[in-house]
Number of protein chains: 2
Amino acid sequence: MSVADERRTDTRAQIRQVALELFAEQGYDKTSLREIAERLGITKAAVYYHFKTKEEILTSLFNEFFAGLDELVAWARARPRTAETRADVLRRYQDLLAGPTGAQLIRFMQEGQAALKDLPAGSEMKERFARLATVLVPEDGTAEQHFRFRLAFIALHLGAFSTDIPADSPEERRAAALNVALDLAR
Amino acid sequence: MSVADERRTDTRAQIRQVALELFAEQGYDKTSLREIAERLGITKAAVYYHFKTKEEILTSLFNEFFAGLDELVAWARARPRTAETRADVLRRYQDLLAGPTGAQLIRFMQEGQAALKDLPAGSEMKERFARLATVLVPEDGTAEQHFRFRLAFIALHLGAFSTDIPADSPEERRAAALNVALDLAR
DNA sequence: GTCTATAATACGATAGAC
DNA sequence: GTCTATCGTATTATAGAC
């Protein structure tokens, strides 16, 4: 199978990939279907053959992440609400972010919350995090504990993509982020 | 001076106020000048009399906040790089957020970073925070310390507007946020 | 200082040929 | 599966009357 043949068959996958890149870089609203199409050397109409709407591209990207996140929630539920579980969840969540699309998707989510606000994908993501919080924060958790937990996840997010935090390598940045997250969820 | 007379003279101020509300609620891009005008019972063209461009409204809002932030940076610079200074800076920063426009502006900034990315106001804000970091983080600061410092500010931001963190009152929420921030910058 | 009217442009989405 | 062409709608911004 030649390179050209391969390219021909997975236009849909390429659209997803390019869209994710652009969404992460410049946000959902600012990324037009024309721009996505141009990067692939096709037309807007061709994109519409593979996805019924622009939002469907987004949904398709989020669903992949949701699958991993749901697994994590289920895993957490089956465990005691201890400090050790919290630490394990954070470690596993960071592994999830290290996946192929994780970092870009989460950057897009972290920096473009406003754009996601009215979209189903946005509410679904929020729901998942709320579920995680319910499982992990003590029943009578104080506001402070909720803050700490929420910030722990933000720490991991920043560790996954934030370039303007000085670190010698991406690995060191992720390690530092995990340390802070673990301390917050302590 | 009647209420009607007062209203007549400060249309510019009203535009700023309504724009800030809408920017915070739904983001910069999604807020149109038509929407701003409609809320005030005037037309789009009338808005253009008071502001040359949409971006100028944004700039005008940010400049107010920058003034307070610059004061804080100057104050911090004149102090020793100690844990006590860091704590004082966080406390003063929270006071800044408690100002009339602070919380809305910061919500808009925190949730709509993607929209601000290519705007001068966005880079200026980033610059200010970088300056604050330079003053407060030790010269040989580790990546972990940078994370902690950055998260301390995010904690205060969430404390200023985030409604989905359970707390009995806004005051309690802010107090909890400050506690976490102080712990992070310890 | 506010209006009506409109220019110029971009967007998401569709129709129909090939 | 991809194309050209287009529809309908929104946007920022401007011109000129009042």
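In the block above lies the structure referred to throughout.
## Focus: the relation of the copies chain B and chain A
Next up, step 1: You can overlay chain B on chain A at an RMSD of 0.1 Å; the transform is a turn of 180° with a shift of 0.0 Å along its axis. Look at the turn and shift together and you get a two-fold axis relating the two. For chain B, the residue whose C-alpha comes nearest the rotation axis is G112(B), separated from it by 2.7 Å.

## Quick look at the protein's contact with DNA strand D
Next up, step 1: Taken together, 17 residues are adjacent to DNA strand D, and T43(A), Y49(A), H50(A), K44(B) and Y48(B) come closest.
Next up, step 2: Within the contact set of DNA strand D, a phosphate oxygen lies 3.1 Å away from a side-chain nitrogen or oxygen of T11(A).
Next up, step 3: A distance of 2.7 Å is found between a phosphate oxygen of DNA strand D and a side-chain nitrogen or oxygen belonging to H50(A).
Next up, step 4: Residue assignment for the surface near DNA strand D shows that the elements contributing at least two residues are helix 4 (44–50) of chain A together with helix 3 (33–40) and helix 4 (44–50) of chain B.
Next up, step 5: Take the surface near DNA strand D: its biggest share by element is four residues, from helix 4 of chain A.

## Points about the packing of aromatic side chains
For any two aromatic rings, the description comes down to two numbers: the centre-to-centre distance and the angle of the planes.
Residue and element names in this part refer to chain A.
Next up, step 1: Applying the stated criterion to the full structure yields 17 aromatic pairs over all chains.
Next up, step 2: Between F23 and F108, the ring centres sit 5.7 Å apart and the planes meet at 35°, which makes this aromatic pair tilted. Of this pair, F23 sits in helix 2 (residues 11–26) while F108 sits in helix 7 (residues 102–111); the two residues are 85 residues apart in sequence, bridging distant segments of the chain.
Next up, step 3: Looking at F108, the relative accessible area reads 3%, which means it is buried.
Next up, step 4: Cluster of aromatic residues (ring-pair linked, three or more members): F23, Y28, F62, F66 and F108.
Next up, step 5: The ring of Y28 has K54 lying over it, and the distance from NZ or CZ to the ring centre is 4.5 Å.
Next up, step 6: Sitting above the plane of the W75 ring, R92 keeps its charged end 3.9 Å from the centroid.

## Regarding the protein's contact with DNA strand C
Next up, step 1: Around DNA strand C there are 17 residues in total, and R34(A), Y48(A), T43(B), Y49(B) and H50(B) lie nearest to it.
Next up, step 2: At the protein interface, 61% of the atoms of DNA strand C within 4 Å belong to sugar or phosphate.
Next up, step 3: Within the side chain of R34(A), an N or O atom sits 3.0 Å from a phosphate oxygen of DNA strand C.
Next up, step 4: Take H50(B): an N or O atom from its side chain is 2.8 Å from a phosphate oxygen of DNA strand C.
Next up, step 5: Every element with two or more residues in the surface near DNA strand C is listed here: helix 3 (33–40) and helix 4 of chain A together with helix 4 of chain B.
Next up, step 6: Here the surface near DNA strand C gets four residues from one element, more than from any other, and that element is helix 4 of chain B.

## Concerning the pattern of salt bridges
Next up, step 1: Applying the stated rule across the entire model yields 32 salt bridges over all chains.
Next up, step 2: Measuring nitrogen to oxygen at the nearest pair gives 3.6 Å for the salt bridge that ties R81(B) to E139(B). Here R81(B), found in the loop between helix 5 (54–77) and helix 6 (83–97), pairs with E139(B), found in the loop between helix 9 (120–136) and helix 10 (143–161); they are 58 residues apart in sequence, far enough to count as distant.
Next up, step 3: By relative accessible area, which is 37% here, R81(B) ends up partly exposed.
Next up, step 4: On the basis of relative accessibility, which here comes to 76%, the residue E139(B) falls in the exposed class.
Next up, step 5: Among the charged side chains, a network of salt bridges with common partners joins D70(A), E124(A) and R128(A).

## Some thoughts on the interface of chain B and chain A
For an interface, size is often stated in terms of accessible area lost upon the parts coming together.
Next up, step 1: Of the residues lining the interface, 40 residues belong to chain B; the matching set on chain A comes to 40 residues.
Next up, step 2: Between chain B and chain A the total buried area reaches about 3300 Å² when both faces are included, carbon and sulfur atoms providing 61% of it.
Next up, step 3: There are eight salt bridges connecting chain B and chain A.
Next up, step 4: Across the pair R150(B) and D164(A) runs a salt bridge whose closest N-O atoms are separated by 3.1 Å.

What counts, and at which threshold
- Residues numbered from 1 in each chain as written.
- Chains lettered and ligands numbered in written order.
- Predicted model: local features only at pLDDT ≥ 70, side-chain atom pairs only at ≥ 80, totals over all residues.
- Heavy atoms only, no water.
- Least-squares fit on C-alpha atoms with pLDDT ≥ 70 in both.
- Near = heavy atom within 4 Å.
- Polar contact = N/O pair within 3.5 Å; in protein donor to acceptor, adjacent residues only side chain to side chain.
- Helix = DSSP H or I, 4+ residues; strand = E, 2+ residues; numbered from the N terminus.
- Phe/Tyr/Trp six-rings, centres within 6.5 Å; stacked < 30°, edge-to-face > 60°.
- Buried < 20%, exposed > 50% of the residue type's maximum accessible area, 1.4 Å probe, protein only.
- Lys NZ or Arg CZ within 6 Å of the ring centre and 35° of its normal.
- Salt bridge = Lys/Arg side-chain N within 4 Å of Asp/Glu carboxyl O.
- Contact = heavy atoms within 4.5 Å.
- Buried area = accessible area lost by both parts, 1.4 Å probe.

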